[in-house]
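An overview of the molecular structure
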Amino acid sequence: MPADRVATELEWVWWCSLADEVRAHDPVVAGHDGGALTEAVATLVESDRDALETQVPRVLAAVAARVAEVRRARPDMETRLRAEASRARRPGALPDLVASVGELATAVRPCWTTSPLAVPSLLPPGEWFDVVVLDEASLVAPAEAVAAVSRARRVVVVGDPQQLPPTPFVVSAGVDAPEEAGTESVLDLLEGVLPGRRLGWQYGVLDERLAALVGPGTHDPEAPDGGSSDPELVTFPGTVTEPVVRHVLVEGHGVVAEGEAAVESTPAEVERVVELVLEHARRRPDRSLVVIALGPGHRRLVESAVREAVERADDRVAAFFAEDRPEAFAVRDADHVQGETWDDVLLTVGFGKTPHGRVLHRFGAIGTDTGHRRLGVALTRARRSLTVVSTITADELDPDRLRTSGARMLRAVLERVEAVSGDEGVQGSDTSNASGGSVLLGDLARRLREHGLVVHEQVGTSSVPVELAVEDPTRPGRLLLAVESDGPAYARVGSGRDRDLVRVAELERRGWQHLRVWSTDVFRDPARVVSRVLDAVGVRRAPGG
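Remember, predicted model here, so these are calculated numbers, not experimental data.

Thresholds applied
- Residues numbered from 1 in each chain as written.
- Predicted model: local features only at pLDDT ≥ 70, side-chain atom pairs only at ≥ 80, totals over all residues.
- Heavy atoms only, no water.
- Phe/Tyr/Trp six-rings, centres within 6.5 Å; stacked < 30°, edge-to-face > 60°.
- Helix = DSSP H or I, 4+ residues; strand = E, 2+ residues; numbered from the N terminus.
- Buried < 20%, exposed > 50% of the residue type's maximum accessible area, 1.4 Å probe, protein only.
- Lys NZ or Arg CZ within 6 Å of the ring centre and 35° of its normal.
- Salt bridge = Lys/Arg side-chain N within 4 Å of Asp/Glu carboxyl O.
- pLDDT = per-residue confidence, 0-100.
- Contact = heavy atoms within 4.5 Å.
- Expected span 1.5 Å × (residues − 1).
- Axes fitted to C-alpha atoms, helices over the stretch in contact; angles between N-to-C directions.
- Parallel < 35°, antiparallel > 145°, perpendicular 65-115°, else oblique.
- Left-handed = near helix turned anticlockwise from the far one by under 90°.
- Pairing = 2+ DSSP bridges.
- 1 Å grid on protein atoms, 1.4 Å probe; cavity = no way out; pocket = protein on both sides within 12 Å on 5 of 7 lines; lining within 4 Å.
- Points joined across faces, edges and corners; volume = space filled by probe spheres on them.
- Nonpolar A, V, L, I, M, F, W, Y, C, P; charged D, E, K, R; others polar.

Note on aromatic pairs: each is described by the distance of the centres and the angle between the planes. Scanning the entire structure with this criterion turns up 8 aromatic pairs. Aromatic pair Tyr490 and Trp518: ring centres 6.4 Å apart, planes at 85°, arrangement edge-to-face. Separated by 28 residues along the polypeptide, Tyr490 in helix H16 (residues 488–492) and Trp518 in the loop between strand E11 (513–516) and helix H18 (519–524) bring together distant segments of the chain. Grouping residues by exposure puts Tyr490 and Trp518 together as buried. The ring of Tyr490 is capped by Arg499, whose NZ or CZ atom sits 4.9 Å from the centre of that ring.

Attention now goes to the pattern of salt bridges. Under the criterion given, the structure shown has 33 salt bridges. Between Glu69 and Arg66 there is a salt bridge whose closest N-O contact spans 3.7 Å. Taken together, the residues Glu69 and Arg66, both in helix H3 (residues 34–73) and 3 residues apart, mark about one turn of the helix. For Glu69, a relative accessible area of 42% gives the class partly exposed. Arg66 gets classed as partly exposed once you look at its relative accessible area, which sits at 33%.

What follows deals with the confidence of the model for the protein. Reading predicted coordinates in detail is not appropriate for stretches of low pLDDT. With 90% of its residues at a pLDDT of 70 or more, the protein shows a mean pLDDT of 87. Counting interchain partners and residues more than four positions distant, the pLDDT-below-50 stretch residues 224–229 has 11 contacts.

Below, the discussion takes up the side chain of His298. As for its position among the elements, His298 is in helix H11 (residues 296–312). Residue class for His298 comes out buried when judged on its relative accessible area of 0%. Excluding residues that lie within four positions of it along the chain, His298 makes contacts with Glu264, Ser265, Glu269, Val270, Ala293, Thr348, Val349 and Gly350.

This next bit is on helix H10 (residues 267–283). For H10, with 17 residues, the first-to-last C-alpha span of 24 Å sits near the 24 Å given by 1.5 Å per residue. Where H10 is buried, its residues touch strand E3 (245–249), strand E4 (289–293), H11, helix H12 (315–318), strand E6 (342–348) and strand E7 (382–390).

It is worth spelling out the packing of helix H15 (residues 439–450) against helix H19 (residues 526–536) at this point. Close contact between H15 and H19 brings their axes to 10 Å; oriented N to C, the two are set at 60°. Here H15 lies oblique to H19, going by the angle between them. The element H15 and its partner H19 pack so that their crossing is right-handed. Touching Leu444, Arg447 and Leu448 of H15 are Pro526, Val529, Val530 and Val533, all from H19.

Turning next to the environment of Arg411. Inspection of the secondary structure assignment puts Arg411 in helix H14 (residues 405–420). Taking C-alpha positions, Arg411 is 8.8 Å from Asp398, a pair spaced 13 residues apart along the chain. What Arg411 contacts, discounting residues up to four positions off in sequence, is Ala394, Asp395, Leu397, Pro399 and Leu402.

Positive phi values are uncommon outside glycine, yet Glu136 reaches one of about 50°. Inspection of the secondary structure puts Glu136 in the loop between strand E1 (129–134) and helix H7 (142–149). The partly exposed category is assigned to Glu136, whose relative accessible area is 24%. Backbone geometry at Gln458 places phi at a positive 55°, although glycine is not the residue there. Looking at the element boundaries, Gln458 is found in strand E8 (residues 455–459).

Looking now at the sheet that holds E11. The sheet built from 4 strands is open, its strands ordered E8-E9-E10-E11 with mixed pairing. The open sheet terminates on both sides in strands that have one partner only, identified here as E8 and E11. For this sheet the average axis-to-axis angle between neighbouring strands, irrespective of direction, equals 25°. The sheet contact formed by strand E10 (residues 479–484) and E11 spans 4 bridges and is parallel. For Val483, the partnering residue across the bridge sits in E11 and is Leu515. Lying on the sheet, helix H17 (residues 496–509) is in contact with strand E9 (466–471), E10 and E11; it crosses E11 at an angle near 150°. Packing against the sheet, H19 makes contact with E9, E10 and E11, and its axis sits at approximately 165° to E11.

Next up on the list: the sheet that holds strand E5 (residues 330–333). Within the open sheet, the 5 strands sit side by side as E3-E7-E6-E4-E5. Their pairing is parallel. Every interior strand has two partners, whereas the edge strands, E3 and E5, have only one. In this sheet, adjacent strand axes meet at a mean angle of 20° when their direction is disregarded. Here E3 runs beside E7; their pairing, made up of 5 bridges, is parallel. Residue pairing for E7: Val245 is matched across the bridge by Leu386.

All right, on to empty space enclosed by the protein then. In this structure the tally under the stated criterion is 3 cavities of 30 Å³ or more. Put simply, the largest cavity is a space of about 90 Å³. Taken together, Val464, Pro465, Glu467, Glu484, Ser485, Ala489, Tyr490, Val493, Arg499, Arg503 and Arg516 make up the full set of residues lining the largest cavity. Those elements that place two or more of their residues in the lining of the largest cavity are H16 and H17. Of the residues contributing to the lining of the largest cavity, the split by class is 5 nonpolar, 1 polar and 5 charged.

What follows is the structure, encoded as structure tokens:
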């Protein structure tokens, strides 16, 4: 044995002796059966799916039983409800009807969906439901929520304090909403009153690089925590190594329109946006697209230019813009996209330089104290890719002249997008195991590489990265197999359902195959685990071996 390997071999023998000692005295370790554990996980997954499938008939049966119970106890309600339904003339006011047959109405239809503003026109005062859920609560003013909250025994408020605040209705045609609403939402009001729970998993985006774009230091670079989100948030890497964030810089300038305080749009940027939209319609018609403009004036110009271009386009391209398509193409401003997502987002900044090359540092609604929330919403609408188009760069914005969190976030976003634009490769990948990953998995990665596979370690920017990511042998650059163990990251996830079902399902939804390996098996018989991985990626025999 070479002298330089003596220390390594001695350490190996030492640890093997410890493992033998533990196995000799611990029946749990001695009785480890990786195959039985794998079968137990499969049973859990199958049982969970069966439970979900049987929930539907159980719920329907419970609703039918409740309706029958009310009909027996209050036949007068059924008579009144049937009479009202058979009326040929205009029915009476719904609140009056609910007041007399409410118990039966809520039994027949136990779940109602409505706007908070419509509640008084549907329900009379009183508690008619067990629970009311206020979704997108950052958009709801307290006064608008009172009617809904008062008609149930319990309330669940769902929302994101970094998303849009309440915005007043505008009823005049052609008039935009005020730039700064400055209204406290019911979410803000109840944040310190109701018990709270933060969601720890991000399901929306199909590549976590999009979620990482709005990370620490982005919402407000001058805030103590940068306005950042929970650092323990679990996200999921995608399987593609192509860039998902792109910055398109356009050479152009504009003029200050009458009644405006800044250059809100430039003809060159509008033209480039139209080109990108038509390119998407030709190359990726199967993926939905939205154009989000940061100013209403710029949005109107883009919308008009796209409409004219579509009228001149051939039938194949024009079909992409059909209004009856799922997630149909749209041009929106940042105030009107919350609660929706598209495959791809084209964010057009609009604000530009004067003919003399000056940036006036006025950014409309984005430049207000709630502008960072508008930007945050716009940047989180994409599932697959985000393209930012602008005629200005971060360096052209003077930090000393950016007085609001919205303006500062705009500069931070441009800076970050410029830095990551076009980045390819595997995010968070480590090939040396220096990031603190499992030594066992590091050794497994080395063995897999000896069989000709391309293996990345600790893939992703999440608090729970993929331990080993194996590339597709037939499609270099595409990640195919996620190999994960039962190590510390597995143990940190408190729920067995989250560990073995939800996480696996989310990775598979993004195109991964998933393989769970047990640390004890990797230590005892690494060759067998290597064989499982080779089978999973479709390699029957090691190249050249």
